[in-house]
Amino acid sequence: MPQYVMALDLGTTGNRAILFNRAGDIVGQAYKELTQHYPQPGWVEHDAMEIWQDVQWAMKTAIAEAKISASDIAAIGLTVQRETCLLWDKTTGEPLHKAIVWQDRRTADMCATLADKKADIYERSGLFLDAYFSGTKLRWLLNKTQPANLDNVLAGTIDTWALWNLTGGNVHATDHSNASRTLLMNLANQQWDDTLLNTFGIPRSLLADIKPSQGIFGYTDPSILGAEIPIAAILGDQQAALFAHGCDRPGLLKCTYGTGAFLVAHSGKEIVRSNNQLLSTIGWTTATDGGYDLGYGLEGSMFTAGACIQWLRDGLQIIDSAADSEPLALSVEDNGGVYFVPALSGLGAPHWDMGARGAFLGITRGATKAHMVRAVLEAIANQVREVVTAINDDSGTPITTLKVDGGACHNNFLMQYQADVLGIPVERPAVLDATAQGSAFAAGLAVGYWDDYTALVSSRKIDKTFEPGAGKAAAQENFATWERAVERAKGWIG
Ligand SMILES: Nc1ncnc2c1ncn2[C@@H]1O[C@H](COP(=O)(O)OP(=O)(O)O)[C@@H](O)[C@H]1O
Ligand SMILES: O=P(O)(O)OC[C@H](O)CO
């Protein structure tokens, strides 16, 4: 009997495969960072072939590390960076162009031309008219590549691309949580919406079938791993983390600090609309005999979190590794008056300003790289505070603890400052890969490998709870000054 569940976590920064045993422990994993392409300012692309090659490498390496065989795997859960999308030729399997990443701003002008449709788009999709989402990206790709024969073309987000390849080109599908990020799905009936398809000029024939997040999507082609393994869950990575944290009802929320930071609250079985510029989205859906169960979410999407740290490492080259940011930030008493606005891809929630750009303010002759690194880490937490304030206002019940996960949560300085600036405890789990864990849990539950969701998520261990401490007053002051810096950076372009 198969003894493991595999998660495939295809994030913006990198792709990983993780094997979980029945106790929910990790028994093998493999990770490869993904090449980021920046062909022009504000543009970000991924090579979809590189993603698929890295997925195959990660699966095989994790299996080898765990010393198991593919037939020991009961199910695969797939979770992905959302909104990033591509077109490919189904006869050759070749992408027509690099995938356009969610952070990419190239379609900001296209969004401006659709401004009169903004209210209708929000009403139908729950999303704002912003270059972040897939709708305008797919239109840009069609304009650019001008496919001669649309019958041979398929479109998809990264889950759809990976699923199509995993199944040997047999299944062209996505799940409700990923589809809800495209600007093309009607949030109320969970189908592709003809008016939205018209607005963005996307032929329906290019799009994947939308299926429940938890349920069988297909089986791996035996030529890949030597076994036919069911792909039994697909979720957007933020929704997968929501699932892992046990946030399955209103009042429960989490924040994931990966490339971006995403605060998502479960909002129940009805669509909840925000008064504070948060998105309405799908949490996840679960296949049932006659259809599916459905849960919605409210989301504050912050485009740049760990990505700022990657930029300090690769762009400015003032740190050697992401982990170096912690001792550097702690090497100075405070930020020395330096503030950073993390608008490297514009600003998401709660500002939704595609024209904002990143900024350092308050630099004097005494500023050092330690002050700048500290300012960047503080900025990541300050933007989370803005979104927590928005969620608190929408729900009317202030949150009392923040559950967190994601790569940047390794940073103790960031977590402590987050607790200080929020004035509430921040709870960090032992397994920070909650996105992978959530997709594994969802897949394992779908095939009966596990049978009790509540028991499973309750068995997760907490690594550390960061309580607001001596830095609380200073953090509150910092936040007030930082808000002024944000105002200066808004509307910089256009
Ligand atoms: N110790 C650290 N301090 C701050 N940021 C970190 C640290 N370790 C990793 N990161 C950041 O976390 C991000 C990777 O996290 P991950 O959850 O894997 O992201 P994704 O799912 O977006 O690929 C990178 O952007 C990296 O810069
Ligand atoms: O790659 P991540 O984990 O930062 O997540 C990306 C989001 O899904 C974008 O919406």
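About the thresholds
Residues numbered from 1 in each chain as written. Chains lettered and ligands numbered in written order. Predicted model: local features only at pLDDT ≥ 70, side-chain atom pairs only at ≥ 80, totals over all residues. Heavy atoms only, no water. UniProt positions renumbered as here; feature names shortened; annotations may be inferred. Near = heavy atom within 4 Å. Areas by Shrake-Rupley, 256 points an atom, 1.4 Å probe, with all protein chains shown as cover. 1 Å grid on protein atoms, 1.4 Å probe; cavity = no way out; pocket = protein on both sides within 12 Å on 5 of 7 lines; lining within 4 Å. Sits in = over half its atoms within 2 Å of the grid points. Helix = DSSP H or I, 4+ residues; strand = E, 2+ residues; numbered from the N terminus. Nonpolar A, V, L, I, M, F, W, Y, C, P; charged D, E, K, R; others polar. Polar contact = N/O pair within 3.5 Å; in protein donor to acceptor, adjacent residues only side chain to side chain. Core = buried A, V, L, I, M, F, W, Y, C linked by side-chain atoms within 4.5 Å. Buried < 20%, exposed > 50% of the residue type's maximum accessible area, 1.4 Å probe, protein only. Contact = heavy atoms within 4.5 Å. Salt bridge = Lys/Arg side-chain N within 4 Å of Asp/Glu carboxyl O. Pairing = 2+ DSSP bridges. Phe/Tyr/Trp six-rings, centres within 6.5 Å; stacked < 30°, edge-to-face > 60°. Lys NZ or Arg CZ within 6 Å of the ring centre and 35° of its normal. Axes fitted to C-alpha atoms, helices over the stretch in contact; angles between N-to-C directions. Parallel < 35°, antiparallel > 145°, perpendicular 65-115°, else oblique. Points joined across faces, edges and corners; volume = space filled by probe spheres on them.

As annotated in an unreviewed UniProt entry, the chain carries the name Glycerol kinase and is attributed to Leptothoe kymatousa TAU-MAC 1615. Per its UniProt entry, the chain bears the Function (unreviewed entry) comment "Key enzyme in the regulation of glycerol uptake and metabolism. Catalyzes the phosphorylation of glycerol to yield sn-glycerol 3-phosphate."

Chemist: Requested: an account of the site of ligand 1, with residues and values cited.
Modeler: With respect to spatial proximity, 19 residues lie near ligand 1, and among them Thr13, Thr259, Gly306, Gly407 and Asn411 are the closest. Calculation on ligand 1 without its partners gives an accessible area of 580 Å², and the protein chains cover 87% of this total. When each cavity is represented as a set of grid points, ligand 1 is found to reside in the largest pocket. Contributing elements (two or more residues each) for the shell around ligand 1: strand 2 (14-20) and helix 10 (306-315). Among the elements that take part in the shell around ligand 1, helix 10 stands out by supplying 4 residues, more than any other. Of the residues that constitute the shell around ligand 1, the class distribution is 5 nonpolar, 13 polar and 1 charged.

Chemist: Break down the site of ligand 2 for me, with residues and values.
Modeler: The local shell around ligand 2 consists of Thr12, Gln81, Arg82, Glu83, Trp102, Tyr132, Asp237, Gln238, Gly258, Thr259, Gly260 and Phe262. Glu83 is positioned such that a nitrogen or oxygen atom in its side chain is 2.6 Å from an oxygen atom of ligand 2. Gln238 places a side-chain nitrogen or oxygen 3.2 Å from an oxygen atom of ligand 2. Protein contact buries 95% of the 310 Å² of open area that ligand 2 shows by itself. Spatially, ligand 2 is embedded in the largest pocket. A per-class count over the shell around ligand 2 returns 3 nonpolar, 6 polar and 3 charged.

Chemist: So what's going on with the UniProt feature "domain: Carbohydrate kinase FGGY N-terminal" (unreviewed entry) in the chain? Residues and values would help.
Modeler: Here the UniProt feature "domain: Carbohydrate kinase FGGY N-terminal" (unreviewed entry) sits at residues 4-243. The span residues 4-243 shows a helical share of 32% and a strand share of 28%, and its end C-alpha atoms are spaced 19 Å apart.

Chemist: Report on the nonpolar core, specifying residues and quantitative values.
Modeler: Side chains that are nonpolar tend, in soluble globular proteins, to be buried together. Within the largest apolar cluster, 108 residues are counted, with the highest numbers of intra-cluster contacts made by Leu138, Phe200, Tyr257, Leu263, Val384 and Leu402. The biggest single contributor to this core is helix 12 (residues 369-395), with 13 residues. Every residue in contact with Leu138, bar those within four places of it in the chain, is listed here: Cys85, Leu86, Leu87, Ala155, Leu184, Ile202 and Leu207. By size, the runner-up hydrophobic cluster in this structure holds 42 residues, among which are Ala70, Val80, Leu86 and Ile158.

Chemist: Run through the pattern of salt bridges, naming residues and quoting values.
Modeler: Tallied over the full model, the rule gives 20 salt bridges. Between Arg273 and Glu123 there is a salt bridge, with the nearest N and O atoms lying 3.9 Å from each other. In this pair, Arg273 is assigned in the loop between strand 16 (261-268) and strand 17 (279-287) and Glu123 in helix 3 (residues 118-125), connecting sequence segments 150 residues apart. For Glu123, a relative accessible area of 51% puts it in the exposed group.

Chemist: Let's hear about the pairing of strand 16: which residues, and what values?
Modeler: Among the 8 residues in strand 16, 8 count as buried, and that is most of the element. Across 5 bridges, strand 15 (residues 253-257) lies against strand 16 in antiparallel orientation. Its bridge partner being in strand 16, Thr256 is matched across the sheet by Phe262. Connecting strand 15 to the antiparallel partner strand 16 that follows it, the hairpin turn spans 3 residues.

Chemist: I'd like to hear about the packing of aromatic side chains, residue by residue, with values.
Modeler: Considering all chains together, one arrives at 23 aromatic pairs under this definition. Following the ring pairs from residue to residue traces out a cluster consisting of Trp102, Tyr122, Phe128, Tyr132, Phe133, Phe262, Phe303 and Trp352. Over the ring of Tyr449 we find Arg22, and its NZ or CZ is 4.1 Å from the ring centre. Its guanidinium or amino end placed over the ring of Trp140, Arg106 lies 4.4 Å from that ring's centre, counting from NZ or CZ.

Chemist: Residue-level account of the packing of helix 9 (residues 237-244) against helix 14 (residues 434-446), with values.
Modeler: Two numbers describe how helix 9 lies on helix 14: the axes approach to 7 Å, and their chain directions differ by 70°. Put simply, helix 9 runs roughly perpendicular to helix 14. Packed against helix 9, whose contacting residues are Asp237, Ala240, Ala241, Phe243 and Ala244, the element helix 14 presents Ala434, Thr435, Gln437, Gly438, Ser439, Phe441, Ala442 and Leu445 at the interface. Broken down by class, the residue content of the contact of helix 9 with helix 14 amounts to 8 nonpolar, 4 polar and 1 charged.

Chemist: Please give an account of the layout of surface pockets that cites residues and values.
Modeler: The computed volume of the largest pocket comes to approximately 990 Å³. Tyr257, Gly258, Gly406, Gly407 and Ala408 are the residues nearest the centre of the largest pocket, which is lined by 45 residues in total. Secondary-structure elements contributing two or more residues to the lining of the largest pocket are strand 2, strand 3 (26-33), helix 9, strand 15, helix 10, helix 11 (325-330) and helix 14. In terms of residues, the lining of the largest pocket owes the most to one element, helix 10, which gives 5 residues. Considered class by class, the residues forming the lining of the largest pocket number 16 nonpolar, 19 polar and 10 charged. Roughly 530 Å³ of internal volume is contained in the second largest pocket. Lining the second largest pocket we find 24 residues, and of these Tyr38, Val44, Trp311, Leu344 and Ser345 sit closest to its centre. For the lining of the second largest pocket, the secondary structure elements donating two or more residues are helix 10 and strand 20 (359-361). Broken down by element, the residue count for the lining of the second largest pocket peaks at 5 residues, all from helix 10. Split by residue class, the lining of the second largest pocket holds 10 nonpolar, 11 polar and 3 charged.

Chemist: Now, about the environment of Leu278: what can you tell me, with residues and values included?
Modeler: Within the secondary structure layout, Leu278 lies in the loop between strand 16 and strand 17. Linking Leu278 and Ile26, residues 252 residues apart in sequence, is a C-alpha distance of 34 Å. With residues up to four places along the chain from it excluded, the contact list for Leu278 reads Phe128, Leu298, Glu299, Gly300, Ala349, Val387, Ala390, Ile391 and Asp394.

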